[in-house]
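Inside the fold
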Amino acid sequence: MQGDADFTIGKRIKFYRERLGMKQRTFGELVGKSANWAYKVENDLLPIDRLSVIIDVARALKVRDLSDLTGGVFSGAVSGPHDQHEAVPAIRAALSMPTSLLSAGLDDLDPGSFGEGVADAWRVYETEEKDRYAEVGNRLPTLLRQGYATLRRAGAQKEVQQVTREMLDLYGLHQLWLRRVGEPVLARVVADRGVVLADGVGEPALLAVPTWNLACVLTSTGQVGDCVDLVRETIARCAPGDDATPEHLSAIGARGRRTSRSRS
């Protein structure tokens, strides 16, 4: 790429952004800019004339050498704490812990607070324009702990299903956040866990939601064939009958509240 004079800095930025499966809005936010700024930069309508901004762009796009991004205009290795989002280490640590340890010490948790917390995290992600990735990312490990504590305390089957729905909602937010900040491996881990959790409940409507989340991860990493196979198998397995609930129908059609969020 370095020898291609027609491959401008804007085009290089677009290449690396799309390689991560990252949207323009997300890229702009990670650099502290707007989606409109990202659009103009990628289309060579707005130059980047500050080295500090170039470095921020390289870190957001996980580019290790500035020359790869600038075609030799600037050179030098890029490293430091911003190679990954600051919230990623805590999320990775939480995902690495056994669920029994995650939920330890939360026996006095208000059962209703978990679902409210997940809903509020989604609200922040969907409505806040500034620092939403930092705000949501910092909440995810705590919400995961609360979720497993609430699930362990659930008694009746109806209560278990409700908490499972909220957990799947949380896993959906996890995988979306992780994909957007360029962490496809962790996003796959989260999506797989959601499928396992739903599969253990044995409710087709619940299984369809995390399967869609996993399909989103597969698509974003270029595994389109695997994604199509997964979706077809799930539709066949979870096909709704005449007495299917609206939730079941919307999950299969990938148009329900949670599946719509997974595409945002």
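Procedures and definitions
Residues numbered from 1 in each chain as written. Predicted model: local features only at pLDDT ≥ 70, side-chain atom pairs only at ≥ 80, totals over all residues. Heavy atoms only, no water. Helix = DSSP H or I, 4+ residues; strand = E, 2+ residues; numbered from the N terminus. Contact = heavy atoms within 4.5 Å. Buried < 20%, exposed > 50% of the residue type's maximum accessible area, 1.4 Å probe, protein only. pLDDT = per-residue confidence, 0-100. Patch = residues over 30% accessible without salt bridge, like charges linked within 9 Å, V, L, I, M, F, W, Y side chains within 5 Å. Areas by Shrake-Rupley, 256 points an atom, 1.4 Å probe, with all protein chains shown as cover. Salt bridge = Lys/Arg side-chain N within 4 Å of Asp/Glu carboxyl O. Phe/Tyr/Trp six-rings, centres within 6.5 Å; stacked < 30°, edge-to-face > 60°. Lys NZ or Arg CZ within 6 Å of the ring centre and 35° of its normal. Expected span 1.5 Å × (residues − 1). Bend = angle between axes of the 7 residues up to and from the residue. Core = buried A, V, L, I, M, F, W, Y, C linked by side-chain atoms within 4.5 Å. Axes fitted to C-alpha atoms, helices over the stretch in contact; angles between N-to-C directions. Parallel < 35°, antiparallel > 145°, perpendicular 65-115°, else oblique. Left-handed = near helix turned anticlockwise from the far one by under 90°. Nonpolar A, V, L, I, M, F, W, Y, C, P; charged D, E, K, R; others polar. Arc of directions from axis to C-beta.

Considering the side chain of Thr164
Within the secondary structure, Thr164 is located in helix H10 (residues 157-180). Look past the residues within four positions of Thr164 in its chain and what remains in contact with it is Leu151, Leu197, Val201 and Leu206.

Considering unusual backbone geometry
The phi torsion at Asp44 lies on the positive side, around 60°, for a residue other than glycine. Locating Asp44 in the fold gives a position in the loop between helix H3 (35-42) and helix H4 (51-60). What makes Asp44 partly exposed here is its relative accessible area of 39%. Notably, Lys62 is not glycine yet its phi reads approximately 60°, a positive angle. Examined against the element boundaries, Lys62 turns out to sit in the loop between H4 and helix H5 (66-70).

Re the confidence of the model for the protein
The predicted model of the protein averages 79 in pLDDT, with 81% of residues at 70 or higher. At the low end of the mean pLDDT range in the protein sits helix H15 (residues 257-263), at 38; at the high end sits H3, at 92. Residue range residues 254-264 is modelled with pLDDT below 50. Its contacts to residues more than four positions away, or to other chains, number 33 contacts.

Some words on a nonpolar patch on the surface
Together, Tyr39, Leu45 and Leu46 make up a nonpolar patch on the protein surface, roughly 290 Å² of accessible area in all. Judged by its relative accessible area of 32%, Leu46 falls in the partly exposed class.

Some details on the packing of aromatic side chains
Tallying each qualifying case throughout the model produces five aromatic pairs. Residues Phe15 and Tyr16 carry aromatic rings whose centres are separated by 5.1 Å and whose planes lie at 75° to one another, so their mutual orientation is edge-to-face. Exposure remark for Tyr16: the relative accessible area of 6% places this residue in the buried category. Taken together, Phe7, Phe15 and Tyr16 form an aromatic cluster joined through their ring pairs. If you follow Arg132 out to its NZ or CZ, it ends over the ring of Tyr125, 4.2 Å from the centre.

Here's the deal with helix H9 (residues 132-153)
Note that an α-helix has 3.6 residues per turn; residues three or four places apart therefore point the same way. For H9, spanning 22 residues, the distance from its first C-alpha to its last is 31 Å, which sits close to the expected 32 Å at 1.5 Å a residue. Helix geometry: H9 is bent most strongly at Leu140, by close to 35°, with proline Pro141 lying one to four residues after it.

Concerning the pattern of salt bridges
In this structure the tally under the stated criterion is 11 salt bridges. Between Glu29 and Arg132 there is a salt bridge; the shortest N-O distance is 2.9 Å. Here Glu29 is found in helix H2 (residues 24-31), whereas its partner Arg132 is found in helix H9, with 103 residues between them in sequence. For the salt bridge of Asp120 with Arg139, the shortest nitrogen-to-oxygen distance reads 2.6 Å. Of this pair, Asp120 sits in helix H8 (residues 111-127) while Arg139 sits in helix H9, and the two are 19 residues apart along the sequence. We classify Asp120 as partly exposed; its relative accessible area is 27%. Since its relative accessible area comes to 22%, Arg139 is described here as partly exposed. Here the salt bridges share partners, and the residues they tie into one network are Asp120, Arg123, Glu135 and Arg139.

As for the nonpolar core
Tyr125, Leu144, Met167 and Trp177 are the most contacted members of the largest nonpolar core, which totals 46 residues. Broken down by element, the residue count for this core peaks at 10 residues, all from H10. If you look at the next biggest cluster of nonpolar residues, it comprises 20 residues, including Ile13, Tyr16, Val41 and Val63.

Comments concerning the packing of helix H6 (residues 88-96) against H9
Between H6 and H9, the shortest axis-to-axis distance is 8 Å and the interhelical angle comes to 15°. Classified by the angle their axes make, H6 and H9 are roughly parallel. Pair H6 / H9 crosses with left-handed handedness. For the pair H6 and H9, contact is made by Ala90, Ile91, Ala94 and Leu95 and by Gly137, Leu140, Pro141 and Leu144, respectively. Split by residue class, the contact of H6 with H9 holds seven nonpolar, one polar and no charged.

Here's the deal with H4
Of all the positions in H4, only Val53, Ile54, Val57, Ala58 and Ala60 are classed as buried. All buried residues of H4 project into a common sector of 165° when viewed along the axis, lining one side. Tucked inside the fold, the buried residues of H4 contact helix H1 (9-19), H2, H3 and H5. A positive backbone phi angle near 60° is found at Lys62, which sits one or two residues after H4.

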